[in-house]
Amino acid sequence: MFGQLAMSGLATGSLYALTAVAVVVVFRNTRVINLAQGDFAMIAAFLGIVFLKDFQLNYFLMLPLVIVCSMLLGVLVERLVMRPIADTDWLTLFTATLGVYYILHGVAGWAWGRDTKAFPVTFDAKPVSILGTLVSEGHLVNMAWALGIGLILFLFFKYTKQGIAMRAVTDDPETAKLMGIPVRFIVMLTWAMAGFLAAFAGLLLAPILYVSPGMMDEVLIKGYVAAVFGGLYSIPGAILGALMIGVAENLAGGYLGAHFKTATAFAMIVLLLTFRPKGLFGIQARREI
Amino acid sequence: MALLEVENLEASYGAVRAVRGVSLSVAEGSIVALLGANGAGKSTTLKAICGSVRPNAGRIMLDGKSIGGLSPNQIVKRGVALVPEGRKIFKDLTVRENLAMGAYSRADKASIEDDYRVVFDLFPRLEERQRQLGGSLSGGEQQMLAIGRGLMARPRLLLLDEPSLGLAPIIISNIFEALRHINRERGTALLIVEQNAHVALRNAGFAYVLQVGRIVVEGPSEELRADKEIVESYMGARH
């Protein structure tokens, strides 16, 4: 029982990580806590339904289309909403993303309705035995996707010019600008990456959560909590936080009862902020922001 | 025509009118020092040249074409790179990644590889430490890295803001030796802002002295060195 709960918790946690990492990537390059991150994923899930059902595309044709649309949505939000107010204080930026959150909720409800819809691709619950623990095949598939995306991000940040430039902007935006790095373009790229991650979060969570305008609300909060575990700066910290939340809530749900599940994430953040306010590893903003 | 020509430049740093009509020129392949006490307007002058501070008045010409009001990234592309005050190394990037960021605006992959070689030949320490994080280097090594990063833009004019600040004398002379080497071998012109008049005048061919935003003395370094007292009177009693 424990192994099973932990494994499926890891699988769900790896999907939370997609949101957590996006929150971190946007925050550390723009000072923005992006409340609309979950809604990027929600829109991606609806688009998935549109491409699969209305256009009758197969999954692997739908996937790149949704990724592109989702990245465009990120870029659009940056250009139309965030860039004009980029020099204002964090509270203004934060509130603007709350506005985007409501707009995207509204647009989705208007375009596709407020009812919960099933996703055309279903979660494969067929159990597979791994090291004596039973795991649903769907969970394994999700973990594989999350791992693959993690690898792509790692390679991007470590070996590509734009990825290194994104880290340079995180490190010191003023100096990055002086070195000839076009910081605005890098910020746009950051939002595109948020869209990229949201596409996968939405499409992989859709079979589990079903699709509705509010489908990502709880995941967003868990993703944010996970991001705080990494001090809002560390990607590995955010991933670890997401996995811990996934496992902890699943164990709480399994042993204490389903209604403890969501409360667990919140209990974790209260504990974390009480005892380690700078994040799990004390990796915190080293400069004033 | 000089490589860089600054005419009647006025610029503010925050609310302070830090530069109040500065004219100077840097010839192709020369080494020019810009001296002055703290707050004389040296750094703001450099910031205006590299595009991070917008001039209020005056002209900044590179090869006779105005670069005033261009963005830093356009100015780097035109061949002006900066070694900022306090080095400003990217702490969480490796030495090699820091150098790569110096070359961000370039697309000529093959010659970027050659320039890593140039920088590593100039500062062998950087080659030994190329996989280490920038933040783990000593002050002298960080200055070497900041210069190397500037060179990776393959500039025709390298601006240096207080390269000697906070370094031991032996390191300072190593660094200036490297700078003269770059100037000699690659023909890179250098505009060096310094508080350390002694070091700057020994290395530069021509020097300007700034006081409260204006140039008060200018001339070949030799002459200013002979007239040391005059220079030092403008620099404050530092040396």
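Computed from a predicted model, the values in this text were never measured in an experiment. (Residues numbered from 1 in each chain as written. Chains lettered and ligands numbered in written order. Predicted model: local features only at pLDDT ≥ 70, side-chain atom pairs only at ≥ 80, totals over all residues. Heavy atoms only, no water.)

### Some words on the pairing of strand β1 (residues 127-130) of chain A
Residue and element names in this part refer to chain A.
Here is step 1 of the chain: Bridging between β1 and strand β2 (residues 133-136) involves four bridges; their strand directions are antiparallel. Across the sheet, residue Ser 129 finds its bridge partner in β2, namely Leu 134.
Here is step 2 of the chain: Taking the residues between adjacent antiparallel strands as the criterion, β1 and β2 are bridged by two residues, where Leu 131 takes a positive phi near 50°. (Pairing = 2+ DSSP bridges. Helix = DSSP H or I, 4+ residues; strand = E, 2+ residues; numbered from the N terminus.)

### Brief notes about the pairing of strand β3 (residues 31-36) of chain B
Residues and elements named next belong to chain B.
Here is step 1 of the chain: Of all six residues in β3, six are buried, a share of seventy percent or more.
Here is step 2 of the chain: Neither face of β3 is open: one carries Ile 31, Ala 33 and Leu 35, the other Val 32, Leu 34 and Gly 36, and all of them are buried.
Here is step 3 of the chain: Here β3 pairs with strand β8 (residues 189-194) via five bridges, running parallel. Bridge assignment links Leu 35 to a residue of β8, and that residue is Glu 194. (Buried < 20%, exposed > 50% of the residue type's maximum accessible area, 1.4 Å probe, protein only.)

### Notes on helix α7 (residues 169-186) of chain B
Residues and elements named next belong to chain B.
Here is step 1 of the chain: Helix length check: α7, at 18 residues, gives a terminal C-alpha distance of 25 Å against a target of 26 Å (1.5 Å per residue), a fit within 8%.
Here is step 2 of the chain: For α7, the complete set of buried residues consists of Ile 172, Ile 175, Phe 176, Ala 178, Leu 179, Ile 182 and Asn 183. The buried residues of α7 occupy one face: seen down the axis, they fall within an arc of 155°. Looking at α7, the residues exposed on the side facing more than 90 degrees away from the buried face are Ile 170, Arg 184 and Glu 185.
Here is step 3 of the chain: On its buried side, α7 packs onto β3, α4 (109-122), α6 (139-151), β7 (157-161), β8 and α8 (197-203).
Here is step 4 of the chain: Just downstream of α7, Gly 187 is the residue with a positive phi angle, here 70°. (Expected span 1.5 Å × (residues − 1). Arc of directions from axis to C-beta. Contact = heavy atoms within 4.5 Å.)

### So, the side chain of Asp 115 of chain B
Here is step 1 of the chain: Tracing the chain through its elements places Asp 115 of chain B in helix α4.
Here is step 2 of the chain: Excluding its chain neighbours within four sequence positions, the residues that come into contact with Asp 115 of chain B are Arg 106, Met 152, Arg 154 and Arg 186 of chain B.

### Some words on the packing of aromatic side chains
Here is step 1 of the chain: On inspection of all chains with the given rule, the structure shows twelve aromatic pairs over all chains.
Here is step 2 of the chain: One aromatic cluster in this structure is built from Trp 145, Phe 196 and Phe 200 of chain A.
Here is step 3 of the chain: It is Lys 161 of chain A that lies over the ring of Tyr 104 of chain B; its NZ or CZ is 4.8 Å from the centre.
Here is step 4 of the chain: The side chain of Arg 149 of chain B reaches across the aromatic face of Phe 90 of chain B, ending 5.1 Å from its centre. (Phe/Tyr/Trp six-rings, centres within 6.5 Å; stacked < 30°, edge-to-face > 60°. Lys NZ or Arg CZ within 6 Å of the ring centre and 35° of its normal.)

### Side note on the interface of chain B and chain A
Here is step 1 of the chain: Taken together, the contacts link 20 residues of chain B with 21 residues of chain A.
Here is step 2 of the chain: Here chain B and chain A share an interface that buries about 1900 Å² over both sides, 62% of which is from carbon and sulfur atoms.
Here is step 3 of the chain: For chain B, the biggest contributors to the area lost against chain A are Phe 90, Met 101 and Tyr 104 of chain B; these three give 36% of the whole.
Here is step 4 of the chain: The interface formed by chain B and chain A holds three salt bridges in total.
Here is step 5 of the chain: Between Arg 167 of chain A and Glu 97 of chain B there is a salt bridge, with the nearest N and O atoms lying 2.7 Å from each other.
Here is step 6 of the chain: Connecting chain B to chain A are eight residue pairs in polar contact (both at pLDDT 80 or more).
Here is step 7 of the chain: Looking at the side of chain B that touches chain A, the elements that each hand over two or more residues are α2 (72-77) and α3 (95-102) of chain B. (Buried area = accessible area lost by both parts, 1.4 Å probe. Salt bridge = Lys/Arg side-chain N within 4 Å of Asp/Glu carboxyl O. Polar contact = N/O pair within 3.5 Å; in protein donor to acceptor, adjacent residues only side chain to side chain.)

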